[in-house]
Amino acid sequence: MANILLVEPDYKNKYPPLGLMKICTYHKMKGDNVYFCKGMLRELRDRKWDRIYISTLFTFYWEKTIKTIKYYYNSVYNPKDIFIGGVMATILKDDISKNPEISGITIISGLIDKPGVLGDDDVIVDNLPPDYGIINPEKNKYLNYNYPVFNAYIVYATRGCIRSCSFCAVHKIEPNYVDYIPIKEQVEYVISKFGPKKDLMLLDNNILASKELERIINDIVELGFGVGNNKFTYTKNGRRITVKRYVDFNQGVDARLLTEENMKLLSKIAIKPLRIAFDYANPEYIELYMSKVRLAAEYGIKHLSNYILFNYKDKPEDFYNRLRINVELNEEFERKGYETRIFSFPMKYTPTIGENCKNRYYVGVYWNKKLLRGIQCVLNATHGVVGPKKAFFEKAFGANVDEFIKILLMPEDYIINRETNKKKSIIWKKEFDNLREKKSKFIQIIGDNKFRDIGYNFDDEDINRILKHYLK
């Protein structure tokens, strides 16, 4: 009987570490003692473990993840008994293996989808059901973290993606597309061991590419997530409460693969929301995206959401226009009497390879640090969501591209606290407009978003005047 420690670094994340949850099931099958924690706990570090597993997520968590590995490095009898896997471990395997401070650890690339990866047996760990017990703070004294997605079955119905998008790492982590993974038995196991969950979360990267889509949809309906058959009853404080349960394809669906036939299939399940990616800004994709969103509305899908990638190859005006398209589609649906509404979630691009992938400082070719910081300030006020109402959108992002750029260029306090700084903002905008042909020079000056050392050393009175808004 071995003592096993599972560790997730202490970054904030919405979903629990599914890989570690499956590894927990694997070791409990073998009769081992398994413990799970998030972050660095001295009590657990000071013990000796037969094996430690540390999960990795996005590459921009490099520093935090490496720090966690170092923290537990001497908590095993041999460094090879520290296993790391996941996104960062796969993409940056060579970088990790060259780090002398954590030499000798075991790095697992990609999925644990073959027998014998973790031991001398024929078990395929990736096919095992996850152990939900370890992510429950009420039952795990070493866990002081509540995952936002907890009351849901978290599953994969497919694996991989048929695309090889340059901004995405899925084709490196899951290179082989798998059309069908039975989810019914996964859900039934969770119910038998941990009780029923309210919602169904599918983490598939491109479920519409599956030739077994109809079979997958039928499985979902049979599990109690069909439209009109999605009630969930639970007991709280002695009272029975009934609510609706929903399906979420969290990674989104591929608009290029959305047809009327599979939209009809999707409309059979209680999906909330249907996520359709809006990553590309070229006119052809925009037309395609709009047609698929309209198709979803026609099939009665009420809740739509999308990730809008920016800071990649797009320009700030491209980003603004995509956001505005969703607002205008919302107005169109309202006029037509559809209940469909779209919520946008801007997502800043970070490279998946190279030195720029190890933090969030990357600046796209058409962007600068001030513009990116400006978007962050706006999203802080909207809690990262762009809602369906035009009035709210125009107040937050501006009524047109020119207003949008001005908002991003304003001092941070003016962006975040609009009402408090209303008079100052009016003065700033007037001084900015008066710059005329000097605007590009001014934008270049503030582009790095560093104001402490700027001073008033410019031989231009108009630029010195507007810079006073940034110097305190």
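Coordinates for the structure precede this section.
Notes on the structure follow. (Residues numbered from 1 in each chain as written. Predicted model: local features only at pLDDT ≥ 70, side-chain atom pairs only at ≥ 80, totals over all residues. Heavy atoms only, no water.)

1. Brief notes about the pairing of strand β7 (residues 199-202)
Here is the rule we go by: By this definition, two strands are paired if DSSP reports at least two bridges between them. The helix count covers DSSP runs of H or I at least four residues long, the strand count covers runs of E at least two residues long, and both are numbered beginning at the N terminus.
Sheet analysis places strand β6 (residues 152-155) next to β7, joined by 4 bridges and oriented parallel. Within β7, the residue paired with I154 across the bridge is M201. The pairing of β7 with strand β10 (residues 247-249) spans 3 bridges and is classified as parallel. From the neighbouring strand, M201 faces β10, where its bridge partner is D248.

2. Concerning the pattern of salt bridges
Spelled out, the test is: By convention in these notes, a salt bridge is any Lys or Arg side-chain nitrogen within 4 Å of a carboxyl oxygen on Asp or Glu.
Counted by the stated rule, this structure contains 30 salt bridges. Across the pair K198 and D199 runs a salt bridge, and its minimum N-O distance is 3.0 Å. One network of salt bridges, in which partners are shared, links K438, D460, E461, D462 and R465.

3. Details of the nonpolar core
Rule in force here: Joining through side-chain atoms within 4.5 Å is the link that ties buried Ala, Val, Leu, Ile, Met, Phe, Trp, Tyr and Cys residues into a set, and such a set is a nonpolar core. Relative accessibility under 20% of the residue-type maximum defines a buried residue, over 50% an exposed one, and the middle range a partly exposed one, all with a 1.4 Å probe and only protein chains included. Here a residue-residue contact requires only that any non-hydrogen atoms of the pair lie within 4.5 Å.
Within the largest apolar cluster, 114 residues are counted, with the highest numbers of intra-cluster contacts made by L6, L200, I220, L274 and F397. With 8 residues, helix α10 (residues 283-298) is the largest single contributor of residues to this core. Apart from the residues lying within four places of it in its own chain, the contact partners of F397 are Y320, L323, V378, L379, V386, E403, F404 and I407. By size, the runner-up hydrophobic cluster in this structure holds 27 residues, among which are L44, I52, I66 and I91.

4. Quick notes on the packing of aromatic side chains
To keep things clear, this is the line we draw: To pair, rings of Phe, Tyr and Trp, with the six-membered ring standing in for Trp, must have centres within 6.5 Å; the planes then decide the type, stacked if under 30 degrees apart, edge-to-face if over 60, and tilted in the middle. For a Lys NZ or an Arg CZ to count as sitting over a ring, it must be within 6 Å of the ring centre and within 35 degrees of the ring normal.
In total, this model carries 32 aromatic pairs according to the counting rule given. Relative to Y285, the ring of Y280 lies with its centre 5.2 Å away and its plane at 65°, an arrangement referred to as edge-to-face. According to the relative accessible area criterion, Y280 is partly exposed, its value standing at 24%. With a relative accessible area of 8%, Y285 lands in the buried category. Judged by centre distance (5.6 Å) and plane angle (50°), the ring pair of F310 and W367 falls under tilted. Linking F310 in strand β12 (residues 303-310) with W367 in the loop between β13 (341-348) and α12 (369-382), this pair joins segments that are 57 residues apart in sequence. Of the residues examined, F310 reaches a relative accessible area of 4% and is grouped as buried. Grouped by ring-pair contacts, the aromatic residues F167, F278, Y280, Y285, Y289, Y312, Y349 and Y362 constitute a single cluster. Its end group placed over the ring of Y35, R47 keeps NZ or CZ at 5.1 Å from the ring centre. Here the guanidinium or amino end of K315 rests over the ring plane of Y366, the centre of that ring lying 5.1 Å away.

5. With respect to the pairing of strand β3 (residues 51-56)
Each regular strand carries side chains that alternate between the two faces of the sheet. Taking burial as the measure, the 6 residues of β3 include 6 buried ones, the bulk of the element. Side-chain alternation along β3 places R51, Y53 and S55 on one buried face and I52, I54 and T56 on a second face that is also buried. The sheet contact formed by strand β1 (residues 3-8) and β3 spans 4 bridges and is parallel. Looking at the pairing, L5 lines up with I52 of β3. When β3 meets strand β4 (residues 82-86), the two strands line up parallel, connected through 5 bridges. Bridge pairing links Y53 to F83 in β4.

6. Structural notes on the sheet that holds β12
For clarity, the cut-off: Under this scheme, a helix contributes an axis fitted over its contacting stretch, all axes are lines through C-alpha atoms, and angles between N-to-C directions fall in the 0 to 180 degree range.
With respect to topology, 3 strands assemble into an open sheet ordered β11-β12-β13, the strand pairing being parallel. Bordering the open sheet on either side are β11 (274-275) and β13, each of which pairs with just one other strand. Here 8 bridges tie β12 to β13, and the two strands are oriented parallel to one another. Bridged to I308 within β13 is P346. Lying on the sheet, α10 is in contact with β11, β12 and β13; it crosses β12 at an angle near 165°.

7. Details of the sheet that holds β4
Read from one edge to the other, the open sheet built from 5 strands follows the order β2-β1-β3-β4-β5, with strand pairing classed as parallel. Unpaired on one side and paired on the other, β2 (33-38) and β5 (106-107) mark the two borders of the sheet. Across the sheet, helix α3 (residues 62-71) is in contact with β1, β3 and β4; its angle to β3 comes to roughly 175°.

8. Notes on the state of the cysteines
How we decide: Note that a disulfide, as used here, is simply two cysteine sulfur atoms within 2.5 Å.
Throughout the structure, instances matching the rule amount to 0 disulfides. Unpaired in terms of disulfides, C24 finds its nearest cysteine sulfur in C37, a separation of 13 Å. Here C357 is not disulfide-linked; the sulfur of C168 is the nearest cysteine sulfur, at 14 Å.

9. Digging into helix α17 (residues 439-446)
Cut-off, in case you're wondering: Directions are taken from the helix axis to each C-beta atom, and the arc is the one they span.
Those residues of α17 not exposed but buried are F442, I445 and I446. Buried residues in α17, looked at end-on, bunch into an arc of 85°, giving them a common side. Away from its buried face, by an angle of more than 90 degrees, α17 presents the exposed residues S440 and Q444. Along its buried surface, α17 packs onto α12, α14 (401-409), α16 (422-433) and α18 (461-467).

10. Digging into unusual backbone geometry
Cis geometry marks the peptide bond from K272 to P273, where omega comes out at -5°. Although it is not a glycine, N237 sits at a positive phi angle of roughly 55°. In this structure, N237 sits in the loop between β8 (231-236) and β9 (239-244). Residue N237 is classed as exposed on the basis of its relative accessible area of 74%. Backbone geometry places R436, a non-glycine residue, at a positive phi of 50°.

By themselves these figures say nothing about function.
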